[in-house]
Amino acid sequence: MNTSAARPPLKALDDALVELLACATPLGGKETVSTFDADGRVLAQDVVSALQVPPEDNSSMDGYAVRSTELADEGVVLKVSQRIPAGSAGSALEPGTVARIFTGAPIPAGADAVVMQEDCQPLADREGFVRIQQLPRPGQWIRRAGEDVTRGATVLSKGERLTPAALGLAASIGMDQLQVARRPRVALFSTGDELVMPGEVAPEQMRPGAIYNSNRFFLRALLLRLGCEVSDLGIVPDQREATLAALRSASQNHDLILTSGGVSVGEEDHIKPAVQQLGSLDLWQIAMKPGKPFAYGRVGSAHFMGLPGNPVSSFLTFLLLVQPFLLRLQDVADVATKSIAVPAHFTWSRADKRREFLRVRRNAAGGLELFANQSSGVLTSAVWGDGVVDNPAGQTIAHGDTVRFIAFSEWLA
Ligand code: AMP
Ligand code: MG
């Protein structure tokens, strides 16, 4: 085997994503879950409303429901003919009277406005009468039937990822259960003989050359946030047989095998030959920084993705490539990462040949500040930062330039 092969040409990140997504055939399985448990899951059905919300015109204030045309002058005194708390139906408003009404209570037939209680004064010497001190506009303080949801409306669509607000909206139209895409099953392992698990060896006892396995922690957390079922296979030693054994067992009942480390083409990188022996593998050099090496392949019926070992490279390639892939497996319609235009409050003179993702954070002035050390091993940058600047290849940045910013919250929501 030739391990000193000529460097393959760099692949553009967008091309890599297109190729990956073309391989991401949706899993297709569905399950029905309680709306309570559906946060973060992907809808496998359109959610259509069988009723309108609100169900009827109702008051948005505590006050008095009136016929606005009957109120000629401020200070008019009228009889309070009924009391309508939230949850009760009330009856048609008698002409020449008003109804005491509370927030959320249905507007009685005949009334066309609400005067808030702060603008009314119950008469101390005449029980059951109130002075209306402000003339309402017709429609004032009335929430209209159906202003939120009309009957028959599609309020949530297949392929949408459910948010807390979406769960509330589904509940507001009576949905106690939702059909969602099944969770992708992901096997995760780290490679690298230098890796030690926190807890197994105390910091002061670490042997020379050893480092703690950090990738395992954020990759597992990222997968769980994406709704995946994770089989954590731990650390696999840098040996051919151990790598083969881990891949064989992981390929049995997982949709994706995800690894970190060992995807360069050094002698200690065993992922490539092992995946090739059991299935197929493309090793890519992606024109992005950090994060150049990336592998995609198949082992049996499982997809395989190999991330670079450097923690920031691993983190960013996960967000930019693995996450859209996993969302597409769940049939998410829109997997594009969204960036926004924000002014840079820093300068960047080291233009790189590769598209670069600079760790930055927003300041109170609405600009972006740069983390001083942009090395791919410096995980502090991803904690200090609240996102990255997506900087095109060959681009320098002057203070005040508008750059493309991707918030981590965009991905990690
Ligand atoms: P590799 O891609 O295996 O050549 O690793 C590149 C760099 O990332 C090396 O400095 C490794 O020690 C480091 N690295 C690999 N895996 C991990 C991990 N799971 N946690 C922290 N650092 C890692
Ligand atoms: Mg390694």
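For the structure, see preceding data.
Everything quoted here is computed from the prediction, not taken from an experiment.

Criteria and thresholds
Residues numbered from 1 in each chain as written. Chains lettered and ligands numbered in written order. Predicted model: local features only at pLDDT ≥ 70, side-chain atom pairs only at ≥ 80, totals over all residues. Heavy atoms only, no water. Core = buried A, V, L, I, M, F, W, Y, C linked by side-chain atoms within 4.5 Å. Buried < 20%, exposed > 50% of the residue type's maximum accessible area, 1.4 Å probe, protein only. Helix = DSSP H or I, 4+ residues; strand = E, 2+ residues; numbered from the N terminus. Domains from an automatic or database assignment. Contact = heavy atoms within 4.5 Å. Pairing = 2+ DSSP bridges. Axes fitted to C-alpha atoms, helices over the stretch in contact; angles between N-to-C directions. Polar contact = N/O pair within 3.5 Å; in protein donor to acceptor, adjacent residues only side chain to side chain. Phe/Tyr/Trp six-rings, centres within 6.5 Å; stacked < 30°, edge-to-face > 60°.

1. Focus on the nonpolar core
Residues Leu 258, Phe 294, Met 305, Phe 318, Val 322 and Leu 326 are the most contacted members of the largest nonpolar core, which totals 44 residues. Top element by residues in this core is helix α6 (residues 311-329). It accounts for twelve residues. Split by domain, the residues of this core number at least three in each of domain 1 (3-28 + 183-329) and domain 4 (340-412). Those residues in contact with Phe 294 that lie beyond four places of it in its chain are Leu 20, Asp 282, Leu 283, Trp 284, Ile 286, Met 305, Gly 306, Leu 307, Thr 317, Leu 321 and Val 322. In this structure, Ala 242, Leu 247, Ile 257 and Ala 302 belong to the second largest nonpolar core, which totals 18 residues.

2. Points about the sheet that holds strand β7 (residues 113-116)
Taken together, the six strands give an open sheet; going across it, the order is β7-β4-β6-β5-β9-β8, and neighbouring strands pair in mixed fashion. One side of each edge strand has no neighbouring strand; the edge strands of this open sheet are β7 and β8 (120-122). Taking each pair of neighbouring strands and ignoring which way they run, the sheet shows an average axis angle of 40°. Relative to strand β9 (residues 129-132), β8 runs antiparallel, the two sharing three bridges. From the neighbouring strand, Cys 120 faces β9, where its bridge partner is Ile 132.

3. Brief notes about the side chain of Arg 67
Within the secondary structure layout, Arg 67 lies in the loop between β4 (63-66) and β5 (76-84). A polar atom in the side chain of Arg 67 sits 2.2 Å from the backbone oxygen of Leu 93. Setting aside residues no more than four positions away along its own chain, Arg 67 makes contact with Leu 93, Glu 94, Pro 95, Gly 110, Ala 111 and Asp 112.

4. Some details on the packing of aromatic side chains
Per the counting criterion, the structure on display carries six aromatic pairs. Consider the rings of Trp 284 and Phe 294, whose centres lie 6.0 Å apart with planes at 25°: the pair is stacked. Of the two residues, Trp 284 sits in strand β18 (residues 280-285) while Phe 294 sits in strand β20 (residues 293-299), which places them ten residues apart along the sequence. Here the two residues Trp 284 and Phe 294 agree in accessibility, since each one is buried. Ring centres 5.2 Å apart and planes at 55° place the aromatic pair Phe 371 and Trp 384 in the tilted group. Pair noted here: Phe 371 is in the loop between β24 (368-370) and α7 (380-384) and Trp 384 is in helix α7, with a separation of 13 residues, a long-range link.

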